[in-house]
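A look at the structure
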Amino acid sequence: MVQKIGVLGAGQMGSGIAHVFALKGFEVTLYDIAAPQLEKALGSIGQNLERQAKKGAISQGQVAETLQRISTTRDFPALADSDFCVEAVTENEALKLEIFSRLDSVVQPDAILASNTSSIPITKIASATGRLEQVIGMHFMNPVPVMTLVEVIRGHATSDATFAVTRELVAKLDKELALSQDYPGFIVNRVLIPMLNEAIFALYEGVASAEDIDRGMKLGTNQPMGPLTLADFIGLDTVLAIANVLYDGFKDPKYRPCPLLVKMVNAGYLGRKSGRGFFSY
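Residues numbered from 1 in each chain as written. Predicted model: local features only at pLDDT ≥ 70, side-chain atom pairs only at ≥ 80, totals over all residues. Heavy atoms only, no water.

**A short note on the pattern of salt bridges**
Stated formally: Salt-bridge detection follows one rule: a side-chain nitrogen of Lys or Arg within 4 Å of a carboxyl oxygen of Asp or Glu.
The full count for this structure, using the stated rule, is ten salt bridges. Across the pair D160 and R154 runs a salt bridge, and its minimum N-O distance is 2.7 Å. Put simply, E87, E91 and K96 are held in one network by salt bridges that share partners.

Pasting the structure below:
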């Protein structure tokens, strides 16, 4: 039975994942290499819990109880007694492979290792371990406490038992599961990233202004956020990384990243997190 959750990476996704597991009664160990990031994550989780309490979604007592169930660490071996680990570091294949190799050597043999990757093949990630059957993709949507979808990806060797445990966890978090096979981009980003990239091409080719592209898609297709605003929200570096995974994985020119996207990332215009992308923040 899964009781202890290890979360690796205390960024926006990792802190959100720690939040939802702790809120549902799991003991969470949140790992990051940087102490300031761990402190920032706890502050963010606390603020988000307070926001939920003010809306009446949870009680005030649950705020303190949830925070008490989260411990932070910079010590990798502190993850050793985790029953289920979720990796949520940056979308960098080499880094993920290194982390899964280390996890495999540290956590108990029957523990399941999950990745929150948005595009990197789970089978490739599992290859860094000696427990291919116990590795699975568990892709949460941002912001994690708000979005109900969890995209679950079975690697080539992922066992039925591993999938069953993961499916049960998704249900306990009151999330909805969408099951994907292990192909680049899975479901959501396989569809989403080409749309964002095409919006960037439309801007690059002078079809319309950024404002009109977003207005057209918001009002014309009833999307809550225009594609260029959404790209800024995700982070243009992340959009480019996923586009490259699709392009490299399928070798199909329809997935080629727009030159404007590449140039903006090289210039450090990454969207909201840098204060400037297609729009200024």
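This is not the end of the story, as more comes after the structure.
**Concerning the UniProt feature "domain: 3-hydroxyacyl-CoA dehydrogenase NAD binding" (unreviewed entry) in the protein**
Stated formally: UniProt positions are given in the numbering used here, feature names are shortened, and annotations may be inferred rather than shown by experiment. Helix and strand assignments follow DSSP, with helices taken as H or I runs no shorter than four residues and strands as E runs no shorter than two, numbered in order from the N terminus.
UniProt tags residues 4-177 as "domain: 3-hydroxyacyl-CoA dehydrogenase NAD binding" (unreviewed entry). Strand forms 21% of residues 4-177 and helix 42%; the C-alpha atoms that close the span are 21 Å apart.

**Regarding helix α10 (residues 236-250)**
This is how the line gets drawn: Given the number of residues in a helix, its expected span is that number minus one, multiplied by 1.5 Å. Working definition: with a 1.4 Å probe on protein chains only, accessible area under 20% of the residue-type maximum means buried, over 50% means exposed, and in between means partly exposed. What the arc measures is the spread of directions leading from the helix axis to the C-beta atoms. The criterion used for residue contact is that any of the two residues' heavy atoms lie within 4.5 Å.
In a regular helix each residue adds 1.5 Å, so 15 residues correspond to 21 Å; α10 covers 21 Å between its end C-alpha atoms and thus fits that length. Among the residues making up α10, those that are buried are L236, V239, L240, I242, A243 and L246. Seen from one end, α10 has its buried residues packed into an arc of 165 degrees, which puts them on one side. Structurally, α10 contributes buried residues whose contacts are with α7 (188-204), α9 (227-234) and α11 (259-266).

**Looking at the domain arrangement of the protein**
Quick reminder of the rule: For the domains described, the bounds stem from an automatic or database domain assignment. What gets called buried area is simply the loss in accessible area from a 1.4 Å probe that two parts show on being joined, summed for both. Under the scheme applied, nonpolar residues are Ala, Val, Leu, Ile, Met, Phe, Trp, Tyr, Cys and Pro; charged residues are Asp, Glu, Lys and Arg; polar residues are all the others, including Gly.
Partitioning the protein into structural domains gives domain 1 (4-181) and domain 2 (190-274). Averaged C-alpha coordinates put domain 1 and domain 2 at centres separated by 27 Å. Between domain 1 and domain 2, the residue contacts involve five residues of the former and four residues of the latter. With both chains or domains summed, domain 1 and domain 2 bury close to 410 Å², and 71% of this area falls on carbon and sulfur atoms. There are zero salt bridges connecting domain 1 and domain 2. Its residues assigned to classes, the side of domain 1 that touches domain 2 comprises one nonpolar, three polar and one charged.

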